[in-house]
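# Architecture at a glance
Residues per chain are reported as follows:
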Amino acid sequence: MTPPYEGQVAVVTGGSSGIGLATARLLLEQGARVAICARGEGRLMDVAAVLKRDFGADRVLAQAFSVLEPAANQAFASAVEQSLGKCDLLVNNAGQGRISTFADTTDEDWRAELDLKLFSQIHPIRAFLPLLTEASGAIVVVNSLLAYQPEPHMVCTSSARAAVQSLVKSLSVELAPKVRVNAVLMGLIGSGQWTRRFAEREDKSVSREDWYADLARRKGIPLGRLGDPAEAAAAIAFLGSRAASYITGAQLDVSGGLARFM
Ligand code: NDP
């Protein structure tokens, strides 16, 4: 059977860790050539070296920059076109959440969060749109359950996530029929963000396994555990693939049943 991404080119922002890295690896396994970016050059190049070793140097491109810099996104799109020839899939994954209540979120924090969540979508989409249109490609937006289930302790992230979901809906209409646009709503995925929060835990004697199990219990996740980045990647790869050719403007939650909305 032909691998689903054979002959295709995919771009994954924030591809040096967690969900983005798992997605890059899965798309490579499924036949794609893949370009990744992230701000931290050291980690990105280490990851790229491993992917090149596992899948071939000609199938992996890595460029260090922030997706919040418009010119750097344009340069990345040019590099992808030059080295890989086209772009069939853009996975907008770069970012992180911000823990703060309304009382302790400053105006500056609000602006930074809205900037990160919205422009980490807008800049890469602008830069890659000509290539995506030419390829009749797809965009997968990595979003959060917070868009529909806001948490008071993540007030600005929740608001920004809802705005991103609105953007997904508008774009799915404006870019049709050429480019499909879908979102994956992440619940709690055991990737970089949770690794950092685990490292900052108060009781350092608690093991990672116990800390994650307790977190899943406290959050009331029906499947009883955090998701694995590979499980998030599987949903992203599906929505970006030809198997989802009649799906646009949709959202798929990867939350172990934590989504309570209907
Ligand atoms: P990780 O911290 O493991 O990975 C984040 C990736 O994004 C890294 O490669 C990071 O590299 C990159 N990145 C961050 N900011 C930028 C930027 N401005 N420009 C380019 N690259 C950037 O996080 P996750 O895998 O957990 O998260 C991936 C996405 O999923 C994020 O958008 C996150 O908010 C979202 N999400 C995750 C959830 C979870 O439970 N894990 C839940 C809900 C949403 P570098 O720092 O070097 O730039």
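Residues numbered from 1 in each chain as written. Predicted model: local features only at pLDDT ≥ 70, side-chain atom pairs only at ≥ 80, totals over all residues. Heavy atoms only, no water.

Next up on the list: the overall build of the protein chain. Assigned secondary structure in the protein chain consists of eight helices and seven strands. Against the compact-globule benchmark of 18 Å for 262 residues, the protein chain has a radius of gyration of 18 Å, which places it among compact chains. Considering only C-alpha atoms, the protein chain reaches an extent of 50 × 40 × 35 Å along its principal axes. Every one of the 262 residues in the protein chain was classed for burial, and the buried ones make up 49%. A separation threshold of at least 6 residues defines the contact pool for the protein chain, and within that pool the share at least 24 residues apart is 74%. Carbon and sulfur atoms make up 54% of the accessible area of the protein chain, which amounts to about 12,500 Å² in all. For the protein chain, the separation between the mean place of its 27 positive charges and that of its 27 negative charges on side chains is 3 Å. (Helix = DSSP H or I, 4+ residues; strand = E, 2+ residues; numbered from the N terminus. Rg over C-alpha atoms; globule rule 2.2 N^0.38 Å. Buried < 20%, exposed > 50% of the residue type's maximum accessible area, 1.4 Å probe, protein only. Contact = heavy atoms within 4.5 Å. Areas by Shrake-Rupley, 256 points an atom, 1.4 Å probe, with all protein chains shown as cover. Lys, Arg positive; Asp, Glu negative; His and termini not counted. Charge placed at Lys NZ, Arg CZ, Asp CG, Glu CD.)

So, about the domain arrangement of the protein chain. For the protein chain, the assigned domains are domain 1 (9–187 + 229–249) and domain 2 (190–226). For domain 1 versus domain 2, the separation of C-alpha centres amounts to 25 Å. Of the roughly 580 Å² buried at the junction of domain 1 and domain 2 (both faces included), carbon and sulfur atoms supply 38%. Joining domain 1 to domain 2, the criterion identifies one salt bridge. For Glu-231, the salt bridge identified is with Arg-225, shortest N-O distance 2.9 Å. (Domains from an automatic or database assignment. Buried area = accessible area lost by both parts, 1.4 Å probe. Salt bridge = Lys/Arg side-chain N within 4 Å of Asp/Glu carboxyl O.)

Lining the immediate environment of the ligand, one finds 30 residues, of which Ser-16, Ser-17, Arg-39, Arg-161 and Ser-191 sit closest. A distance of 2.6 Å separates an oxygen atom of the ligand from a polar atom in the side chain of Ser-17. Protein chains bury 93% of the 890 Å² of accessible surface belonging to the ligand in isolation. Sorting the residues of the shell around the ligand by element identifies α1 (18–29), β5 (138–144) and α6 (192–199) as the ones contributing at least two each. It is α6 that contributes the most residues to the shell around the ligand, four residues altogether. Class assignment of the residues belonging to the shell around the ligand gives a composition of 10 nonpolar, 16 polar and four charged. Taken domain by domain, the makeup of the shell around the ligand includes at least three residues from each of domain 1 (9–187 + 229–249) and domain 2 (190–226). (Near = heavy atom within 4 Å. Polar contact = N/O pair within 3.5 Å; in protein donor to acceptor, adjacent residues only side chain to side chain. Nonpolar A, V, L, I, M, F, W, Y, C, P; charged D, E, K, R; others polar.)

Let us now look at the nonpolar core. One finds Leu-27, Val-34, Ile-36 and Met-186 to be the most contacted residues of the largest nonpolar core, which totals 35 residues. Those residues within four positions of Val-34 in sequence are excluded, and the remaining contacts are Ala-10, Val-12, Ala-24, Leu-27, Leu-28, Arg-59, Val-60, Leu-61 and Leu-84. Counting 29 residues, the second-largest nonpolar core is a separate cluster that includes Phe-76, Val-80, Ile-139 and Leu-175. (Core = buried A, V, L, I, M, F, W, Y, C linked by side-chain atoms within 4.5 Å.)

Moving on, we come to helix α4 (residues 107–135). Taking 1.5 Å as the rise per residue, α4 with 29 residues should run 42 Å; its terminal C-alpha atoms sit 41 Å apart, in good agreement. Leu-129 marks the point of greatest bend in α4, at about 55°, and the proline Pro-130 comes within the next four residues. Count one or two residues on from α4 and you reach Ser-136, which has phi positive near 50°. (Expected span 1.5 Å × (residues − 1). Bend = angle between axes of the 7 residues up to and from the residue.)

Relative to the elements of secondary structure, Ala-62 occurs in strand β3 (residues 60–64). When the C-alpha atoms of Ala-62 and Leu-44 are compared, they prove to be 7.0 Å apart, with 18 residues separating the residues in sequence. For Ala-62, the contacting residues outside a window of four places in its chain are Ile-36, Leu-44, Met-45 and Ala-48.

Next up on the list: the pattern of salt bridges. Evaluated as defined, the whole model comprises nine salt bridges. One salt-bridge network, held together by shared partners, links Arg-98, Asp-109, Glu-113 and Lys-117.

Bringing the environment of Thr-106 into the picture now. Looking at the element boundaries, Thr-106 is found in the loop between β4 (89–92) and α4. With 38 residues separating them in the primary sequence, Thr-106 and Leu-68 have C-alpha atoms 20 Å apart.

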